[in-house]
Amino acid sequence: MTALNEILLASFTTPMHIDTDPASMLWLLPLVASIAVVYKATKVHRIRPYPFFKESAVLFGSILVFIITAALILYGMTWIVTDRLPAILDKSAF
Amino acid sequence: MTAPSWKDNHALYLITIGLLAWLIPGAGHYALHEHRRATVMFVVIVLTFLVGLYVGSIGVIDPIGAKPWYAAQVMNSPAVLLMGSHVAHVQRRAESERTGFNTAKTLSYRVYGRPNEIGQIYTSIAGLLNLLCIVNAIYVAHLRATEQTGD
């Protein structure tokens, strides 16, 4: 087995190091792009480069806006429950 | 005596297209002469699956500890079944050697934390995207067959 083959196999048998931090959320971007492209590939009548790219980009943006909106709503709810509500009730939530 | 029409072989035709689409992502559409569509599907689905494997390692395909994820991953291709059986075999051997007080380091594909999550999500979403393509290929094949027979 050549060294290149060994390196290739090793890279698929050992996981990457990814920290549990907000930056790891950026991993959703390539996945959203994949979903947008494959979904549009099943929907458009004919695949022509420019209109296909445009439609995929619009769907990519729509999904991203929805995810950010949902994240903001959830963050707001969490902030109310953990920060504001205990202050209103004048006692700790935990 | 006339040759059997598409209508006679309709179910077999749809099953063949579905199996092709499962065997290789995009192959169902390729068989329907949708070459550009098939190429886009193949490249994107295989790339998503490989990114998942690269991030989380082959250990993210776990037929023992993560059955629901595995069910989605299997939609990628039958090749995932082979990977799953290999991973399960390695995990079982590692477990039995560990319980046998063997201190020698054995091969194990265990993966934890964020790489496991991201790897599982990528490979499973790739599988679900291929399921979408399989269903779409069968639907297109059905439409074309019914158009040919004039139903």
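Within each chain, residues carry numbers counting from 1 in the order of the written sequence. Going through the entries in the order they are written, you letter the chains from A and number the ligands from 1. Side-chain atom pairs in this predicted model are given and counted only at pLDDT of 80 or more, local residue features only at pLDDT of at least 70, and totals for whole chains, interfaces and linings cover all residues. With hydrogens and water excluded, all non-hydrogen atoms of the structure serve as input to the side-chain values.

### Observations concerning the interface of chain B and chain A
For an interface, size is often stated in terms of accessible area lost upon the parts coming together. Taken together, the contacts link 27 residues of chain B with 29 residues of chain A. Buried area: the accessible area, evaluated with a 1.4 Å probe, that two parts lose upon being put together, summed over both parts. For the pairing of chain B and chain A, the buried interface totals around 2,300 Å² over both sides, and the portion due to carbon and sulfur atoms is 72%. When the buried surface of chain B facing chain A is broken down by residue, B:R37, B:Y54 and B:R114 rank first, second and third, together holding 27% of it. A carboxyl oxygen of Asp or Glu within 4 Å of a side-chain nitrogen of Lys or Arg is what we treat as a salt bridge. Linking chain B with chain A are 0 salt bridges. A per-element tally of the side of chain B that touches chain A places helix α3 (residues 35-56) of chain B first, with 13 residues. Under the convention adopted here, Pro, Cys and the residues Ala, Val, Leu, Ile, Met, Phe, Trp and Tyr are nonpolar, Asp, Glu, Lys and Arg are charged, and Gly plus all remaining residues are polar. Partitioned by chemical class, the residues of the side of chain B that touches chain A number 20 nonpolar, 4 polar and 3 charged. It only takes one pair of heavy atoms within 4.5 Å for two residues to be counted as in contact. Helical segments are the DSSP runs of H or I of at least four residues, strand segments are the runs of E of at least two, and each set is numbered from the N terminus.

### A word on the pattern of salt bridges
All names here are of chain B. Counting across every chain of the model gives 4 salt bridges over all chains. Here R144 makes a salt bridge to E34, at a shortest N to O gap of 2.7 Å. Remark: E34 occurs in the loop between α2 (27-31) and α3 and R144 occurs in helix α6 (residues 113-149); sequence separation between them is 110 residues. Accessibility expressed as a relative area gives 30% for R144, which makes it partly exposed. Through salt bridges with shared partners, a single network forms among E34, R37 and R144. Relative accessible area decides the class of each residue, using a 1.4 Å probe on protein chains only: under 20% of the type maximum gives buried, over 50% gives exposed, and in between gives partly exposed.

### Let's talk about the confidence of the model for chain B
Mean pLDDT for chain B: 86, with 87% of residues reaching 70 or above. We note a pTM of 0.85 for the whole complex and an ipTM of 0.84 for its interfaces. Scored from 0 to 100, pLDDT reflects the predictor's confidence in each residue.

### As for the confidence of the model for chain A
Detailed conclusions should not be drawn from predicted coordinates in areas where pLDDT is low. Scored by pLDDT, chain A comes out at a mean of 88, with 95% of its residues at no less than 70. Here helix α1 (residues 3-11) of chain A stands out as the element of chain A with the lowest mean pLDDT, 76, in contrast to helix α2 (residues 28-43) of chain A, whose mean of 95 is the highest.

### Observations concerning the packing of aromatic side chains
Remark: the centre distance and the inter-plane angle together describe each pair of aromatic rings, the angle taken between the planes. By convention, a stacked pair of Phe, Tyr or Trp rings (six-membered ring in the case of Trp) has centres within 6.5 Å and planes under 30 degrees apart, an edge-to-face pair has planes over 60 apart, and any other such pair is tilted. For the structure on display, the rule yields 2 aromatic pairs over all chains. Judged by centre distance (5.8 Å) and plane angle (75°), the ring pair of A:F12 and B:Y54 falls under edge-to-face. In this pair, A:F12 sits in the loop between α1 and α2 while B:Y54 sits in helix α3, so the two residues belong to two different chains. Here B:Y54 falls in the partly exposed class, since its relative accessible area comes to 40%. When the centroid spacing of 6.2 Å and the interplanar angle of 85° are considered together, the rings of A:W27 and B:Y122 count as edge-to-face. Of this pair, A:W27 sits in the loop between α1 and α2 while B:Y122 sits in helix α6, which puts the two residues in different chains. Here A:W27 falls in the partly exposed class, since its relative accessible area comes to 24%.

### Observations concerning the environment of B:L47
Residues and elements named next belong to chain B. As for its position among the elements, L47 is in helix α3. What makes L47 exposed here is its relative accessible area of 53%. Measuring from C-alpha to C-alpha, the distance between L47 and P63 comes to 22 Å, with 16 residues separating the pair along the chain.

### Topic: helix α1 (residues 10-23) of chain B
Residues and elements named next belong to chain B. The span one expects for a helix is its residue count, reduced by one, times 1.5 Å. If you check α1, its first and last C-alpha atoms are 20 Å apart, about what 14 residues at 1.5 Å a residue would give, namely 20 Å. Buried within α1 we find H10, Y13, L14, I17, G18 and A21. Projected down its long axis, α1 carries its buried residues within an arc of 130°, all on one side. Along α1, the residues that are exposed and aim more than 90 degrees away from the buried face are A11 and L12. Buried residues in α1 make contact with α2 and α6. By definition, the arc is the one covered by directions from the helix axis to the C-beta atoms.

### Remarks on a nonpolar patch on the surface
Nonpolar side chains (Val, Leu, Ile, Met, Phe, Trp, Tyr) are joined into patches within 5 Å and like charges within 9 Å, using only residues with over 30% relative accessible area and no salt bridge. Exposure was quantified through the Shrake-Rupley algorithm and a 1.4 Å probe, taking into account, for residues, occlusion by the shown protein chains and nothing else. Taken together, the side chains of A:Y75, A:W79, A:I80, A:V81, A:L85, A:I88 and A:L89 make up a nonpolar region of the molecular surface, amounting to roughly 750 Å² of accessible area. You can see A:L89 is positioned in helix α3 (residues 49-89).

### Remarks on α2(A)
Owing to its 3.6 residues per turn, the α-helix aligns residues three or four sequence positions apart on the same side. Taking 1.5 Å as the rise per residue, α2(A) with 16 residues should run 22 Å; its terminal C-alpha atoms sit 22 Å apart, in good agreement. Within the span of α2(A), buried status applies to A:L31, A:V32, A:S34, A:A36, A:V38, A:K40, A:A41 and A:T42. Each element contacted by the buried residues of α2(A) is listed here: α3 of chain A together with α3 and α6 of chain B.

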